[in-house]
Amino acid sequence: MIALDEILGTNILHKYALVCVDMQADFANRLFTYKIPQDMLVVPGMKLEVPFGRKYINGFVLETTAETDVDSKKLKFIFNTYQDYIIPADLLDLAKWMSQQYYTMLIHCLVCVSPSVPKKPAKLPIIAENLTAQEKNVSQICENISAKENEITLSLEQTQAVQKILGWQKVPKKQKMPILLHGVTGSGKTEVYMRIISDVLKQGKQAIMLVPEIALTYQVVQIFTERFGKLAVFTHSGLTAQERFANWQKAKNGEISVMIGPRSAIFAPFDKLGAIIIDEEHEHTYRQSELPPKFDTKEVALQRKKYIEQNGGECLLVMGSATPLLESYYNAVVAEKFSLITMQNRINEMFPTVNIVDMRKELAAGNTSMFGADFQKAMLQELNAGRQAILFLNRRGHSSFVSCRTCGHVMGCNNCSVNLTYHANFSVSSSNVYEKPEKLLCHYCGVSVPVPNICPACSSKFIKYFGLGTQKIEEEVAKLFSGFSSLRMDFDTTRKRADNGKLNNLNKSNSHEKILAAFRNNEAQILIGTQMIAKGLDFPNVTIVGIMAADLSLYSGSFRAAENTFQLITQVSGRAGRAAKQGKVYIQTYNPEHYSIQLAQKADYSTFYLQETSLRRTMSYPPFCNVFVILFSAENEQIIVKALQKLLAVMQYCNKKGNFEMFGPMPAVISKIKKQFRWKLLVKSVNEELLKQFVLYCLGKLKDNDPLTGVTISLTLNPMSVE
Ligand code: ADP
Ligand code: ZN
Ligand code: ZN
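The rules behind these values
Residues numbered from 1 in each chain as written. Chains lettered and ligands numbered in written order. Predicted model: local features only at pLDDT ≥ 70, side-chain atom pairs only at ≥ 80, totals over all residues. Heavy atoms only, no water. Helix = DSSP H or I, 4+ residues; strand = E, 2+ residues; numbered from the N terminus. Buried < 20%, exposed > 50% of the residue type's maximum accessible area, 1.4 Å probe, protein only. Polar contact = N/O pair within 3.5 Å; in protein donor to acceptor, adjacent residues only side chain to side chain. Donors = N, O, S within 2.8 Å, 3.2 Å for Na, K, Ca; no water. Tetrahedral: all angles 85-135°; square planar, octahedral: opposite > 155°, others 65-115°. Expected span 1.5 Å × (residues − 1). Contact = heavy atoms within 4.5 Å. Pairing = 2+ DSSP bridges. Axes fitted to C-alpha atoms, helices over the stretch in contact; angles between N-to-C directions. pLDDT = per-residue confidence, 0-100. Core = buried A, V, L, I, M, F, W, Y, C linked by side-chain atoms within 4.5 Å. Phe/Tyr/Trp six-rings, centres within 6.5 Å; stacked < 30°, edge-to-face > 60°. Lys NZ or Arg CZ within 6 Å of the ring centre and 35° of its normal. Parallel < 35°, antiparallel > 145°, perpendicular 65-115°, else oblique. Left-handed = near helix turned anticlockwise from the far one by under 90°. Nonpolar A, V, L, I, M, F, W, Y, C, P; charged D, E, K, R; others polar.

### A few points about the side chain of His423
Along the chain, the position of His423 falls in strand 16 (residues 421–423). Residue His423 is classed as buried on the basis of its relative accessible area of 2%. Only 3.0 Å separates the side chain of His423 from the side chain of His443, close enough to count as a polar contact.

### Considerations on the coordination of the zinc ion (ligand 3)
Six octahedral donors around a metal ideally sit at 90 or 180 degrees from one another, while four tetrahedral donors ideally sit at 109.5 degrees. With distances of 2.2 to 2.4 Å, the protein atoms coordinating the zinc ion (ligand 3) are Cys413 (SG), Cys416 (SG), Cys442 (SG) and Cys445 (SG). Around the zinc ion (ligand 3) sit four donor atoms, and with donor-metal-donor angles ranging over 104 to 113° the site reads as tetrahedral. Counting the intervening residues between successive donors of the zinc ion (ligand 3) yields the motif C-x2-C-x25-C-x2-C. Pair noted here: Cys413 is in the loop between strand 15 (401–404) and strand 16 and Cys442 is in the loop between strand 17 (439–441) and strand 18 (448–449), with a separation of 29 residues, a long-range link. Classification of Cys413 by relative accessible area gives buried; the value is 9%. On the basis of relative accessibility, which here comes to 2%, the residue Cys442 falls in the buried class.

### Focus on helix 2 (residues 89–101)
Here helix 2 contains 13 residues, and its C-alpha end-to-end distance of 18 Å stays within 8% of the 18 Å for a straight helix at 1.5 Å per residue. Among the residues of helix 2, those classed as buried are Leu91, Leu92, Leu94, Ala95, Met98, Ser99 and Gln101. The elements touched by buried residues of helix 2 are strand 4 (55–65), helix 3 (106–113), helix 11 (297–310) and helix 22 (688–705).

### Observations concerning the sheet that holds strand 22 (residues 542–547)
Strand order in the open sheet formed by six strands is 13-23-22-14-21-20, and the pairing between neighbours is parallel. Strand pairing shows two members of the sheet lacking a second neighbour, strand 13 (353–358) and strand 20 (486–489), which therefore form its edges. Across the sheet, the mean angle from the axis of one strand to that of its neighbour is 15°, orientation sign disregarded. Where strand 14 (residues 388–392) and strand 22 come together, five bridges link them in parallel fashion. Paired with Leu391 across the strands is Gly546, a residue of strand 22. Its contacts with the sheet put helix 15 (residues 470–480) on strand 14, strand 20 and strand 21 (526–529), and the angle it makes with strand 21 is roughly 155°. Those strands touched by helix 16 (residues 511–520) are strand 14, strand 20, strand 21 and strand 22, and its axis lies near 150° from that of strand 20.

### Focus on the coordination of the zinc ion (ligand 2)
In the first shell of the zinc ion (ligand 2), the protein supplies Cys404 (SG), Cys407 (SG), Cys455 (SG) and Cys458 (SG), at 2.3 to 2.4 Å from the metal. Mapping the donors of the zinc ion (ligand 2) onto the primary sequence gives the spacing C-x2-C-x47-C-x2-C. One end of the pair, Cys407, is in the loop between strand 15 and strand 16; the other, Cys458, is in the loop between strand 18 and strand 19 (463–466), and 51 residues separate them in sequence.

### A word on the side chain of Lys680
With respect to the helices and strands, the residue Lys680 is situated in strand 26 (residues 676–685). Contact partners of Lys680, with chain neighbours within four places excluded, come to Val629, Ile630, Leu631, Leu644, Gly664, Pro665, Met666, Pro667, Ala668, Val669 and Glu723.

### Some thoughts on the sheet that holds strand 7 (residues 206–210)
Spatially, 8-9-7-10-11-6-12 is the arrangement adopted by the seven strands of the open sheet, whose pairing is parallel. Strands with a single pairing partner mark the edges of an open sheet, and in this sheet they are strand 8 (232–234) and strand 12 (339–343). Strand-to-strand twist across the sheet, computed as the mean angle between neighbouring axes with direction ignored, equals 15°. Taken together, the three bridges between strand 8 and strand 9 (residues 258–261) define a ladder with parallel strand orientation. Pairing of Ala232 across the sheet is with Val258, part of strand 9. Here helix 8 (residues 189–202) sits on the sheet and contacts strand 6 (179–183), strand 7, strand 9, strand 10 (273–279), strand 11 (316–321) and strand 12; the angle it forms with strand 10, its principal contact strand, is near 170°.

### Description of the confidence of the model for the protein chain
Any segment with low pLDDT has predicted coordinates that should not be analysed in fine detail. Averaged over every residue, the pLDDT of the protein chain is 88; the share at 70 or more is 91%. The low-confidence segment residues 121–129, where pLDDT is below 50, has 14 contacts with residues more than four positions distant or belonging to other chains. Contacts from residues 428–433, a stretch scored under 50 in pLDDT, to residues over four places away or in other chains number 14 contacts.

### Let's talk about the nonpolar core
With 118 residues, the main nonpolar core has Met98, Phe224 and Leu527 as its most contacted residues. If you tally residues by element for this core, the top one is helix 8, at seven residues. Setting aside residues up to four positions removed in sequence, Met98 forms contacts with Tyr103, Cys109, Cys112, Val113, Phe267, Pro293, Phe295 and Val300.

### A look at unusual backbone geometry
Backbone torsion omega between Pro292 and Pro293 reads -5°, so that peptide bond is classified as cis. Relative to the assigned elements, Pro293 resides in the loop between strand 10 and helix 11. Of note, the bond from Pro622 into Pro623 is cis; its omega dihedral lies within 30 degrees of zero at 10°. In this structure, Pro623 sits in the loop between helix 20 (605–619) and strand 24 (626–634). Backbone geometry at Glu336 places phi at a positive 55°, although glycine is not the residue there. Positive phi, normally seen in glycine, also occurs at Leu708, with a value near 50°. The residue Leu708 is located in the loop between helix 22 and strand 27 (712–717) in this model. Residue classification places Leu708 among the buried positions, given a relative accessible area of 7%.

### Focus on the packing of aromatic side chains
Applying the stated criterion across every chain, the model contains 25 aromatic pairs. Aromatic side chains Phe566 and Phe608 sit 4.3 Å apart centroid to centroid with 10° between the ring planes, which places their arrangement in the stacked category. One end of the pair, Phe566, is in helix 18 (residues 561–573); the other, Phe608, is in helix 20, and 42 residues separate them in sequence. In this structure Phe566 comes out as buried when scored by relative accessible area, which is 2%. Geometrically, the ring pair formed by Tyr605 and Tyr609 is stacked, given 6.5 Å between the ring centres and 20° between the ring planes. With Tyr605 and Tyr609 both in helix 20, this residue pair falls four residues apart, about one helical turn. Residue Tyr609 is classed as buried on the basis of its relative accessible area of 6%. In textbook terms, an aromatic cluster arises when at least three aromatic residues are bridged by ring pairs, as seen for Tyr329, Phe566, Tyr595, Tyr605, Phe608 and Tyr609. Lys464 extends its terminal NZ or CZ atom over the ring of Phe466, reaching a point 5.3 Å from the ring centre. In this arrangement the basic side chain of Lys684 is found over the ring face of Tyr621, its NZ or CZ atom lying 3.9 Å from the centre.

### Some remarks on the environment of Val200
Here Val200 is to be found in helix 8. What makes Val200 buried here is its relative accessible area of 2%. Through-space distance from the C-alpha of Val200 to that of Asn591 is 47 Å; in sequence the pair is 391 residues apart. Not counting chain neighbours up to four residues away, the residues in contact with Val200 comprise Lys205, Gln206, Gly274 and Ala275.

### Some words on the packing of helix 2 against helix 11
Across the interface, helix 2 lies against helix 11 with an axial gap of 11 Å and an inter-helix angle of 135°. With respect to helix 11, the element helix 2 is oriented oblique. For the pair helix 2 and helix 11, the sense of crossing is right-handed. For the pair formed by helix 2 and helix 11, the contact residues are Ala89, Asp90, Leu91, Asp93, Leu94, Trp97, Met98 and Gln101 on the first element and Glu299, Val300, Gln303, Arg304 and Tyr307 on the second. Each residue belonging to the contact of helix 2 with helix 11 can be placed in one class, and the counts come to seven nonpolar, two polar and four charged.

And the structure:
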């Protein structure tokens, strides 16, 4: 509810509201003035409905005023307000900052920081039951938490980490620095996070716990609710709008104290936020890469922390990883922007043995299976001993391309410049309920076509399937390890079929949870999956882990390829032997000499960091230089090529001091998606702020001269994945 002082304050005399309307057009990218009806309560941050042209649309109040320069007779009245949807002042401020920081229309940022409106906002379901009076008692809770904490003896490294993090709040030099917690896999970072959160809760404050994947939410939620009870809730895109809104309200009303979730949880409307924890901070999922605003969760977290500090408060920011992002580690050890804490030992004091499988040698020895011979033997041994295995491959489907043996024609997508992936009609394991019938599928636009019997180019009958996908692994596993059952977890097995028979892109089911729970209960011995299973998962009975094709990430074309490969191997390896039994890891590759693979085998982060940073320095890439990717897409390829050439000319003209280096225009790595051609221009500079200003200035000049009709512009600074 709105506080009385807000009602009785000066706002009551305010007759006008400055509104940002929910209309994604350049001309609407400013504030519009509306009249406030006499009996209507309107405050900044409030969501409302206003007449716009001939329609009614949603908008957000940025400000209310007593007077206006605009002729009042021309102004329209606000139509309706959503009294429960008021973005708090700090998040309103954050949205404005994001709009600047990510060169995005303000409305996108306002929508981003606020919950979506459920269809029936009047009756809200409460997901967890309301707290009992006993539970509400912010000492009873502390006692419960302490009782549970007493059951666990922290390791020496955990104790030191917790003491440092909490102690640093009182050290002026360290006080405001974000903390990078570099702890090897299995070093017990989660317990450190919980101790910090518990300290924050005992001070009557709140905390946000960020995880990189929905798949990981369930595990964290289980551990957290055991510790914090109903004070902890989770939020993610798989929940309904009503559920998410209920969580939002509870956070706003102080009914809960810990919000767990993927990146959107950073916008939890806590008014006494005391800690933000970012687990697996290196993960690219912390960048919103598709929808605007393309925000970086870490930057947003820093901004929230800054805001709290500017208002006299304190907020801890802890970023944990076994493989910190190169830039983060650089910020800790060179730039002195982060404080570094290291945990070098596993709780169980055992590191897995990591074996590199040279697939060239396997082939030369006549092994055409997708498993190296030793790997297969070792896996069988572990399975026979009653233990479990995880197999990782970052590609879904069955075969990554289908081609004609007679003429070489490759089945491609008509809308995109990619091959179609063959998806089999699968019935090998219980996890495959959604994949019928067999088809060729485009992973970019979702188009599916029937599997051809004859080549569309030459009518030949000889059609062959190449390239590994998770389905094919599943098929092979069923043959090679026939006595054991497997589960597959990827995009295809974690979607729910909608009532109309169509597949839902959003996972609205709890299929992640079901698959992981079944595996945890030993209902299957082998878990096969994509990046969803690569990180964070903690299964004590898993003793063997395989990376089926490490080269997939090595040849992604990104300047981060080596780093991503190192991270992936370390993270996947980290799933093995986390409890009482020694773990074994097998990395299959055609490039066993590559430094990222060699150093990941030795779990040698420091050497990898040194080697990779020296390369980045030579090649002028982050953290030494910034890369701005300007990507234009349109149905007409000529238009974007010409526009980018014009932009380049503007840049060359404006680059008088030679501060900037331009590359391109060139086609994007995937040069067509959904019938839209894609070309890009790269601009590099050491100075991030100057680079941003330069690019925006030059783009502005181009737009003054050319409306760029039909062109979609996408701007990304230091991209996490290749564009
Ligand atoms: P990380 O996130 O660093 O990879 P986790 O936090 O998942 O590691 O911890 C690894 C395992 O060790 C988990 O099963 C966890 O329950 C257990 N663990 C953590 N701290 C302790 C401790 N102090 N004593 C006993 N077991 C612990
Ligand atoms: Zn053919
Ligand atoms: Zn396509």
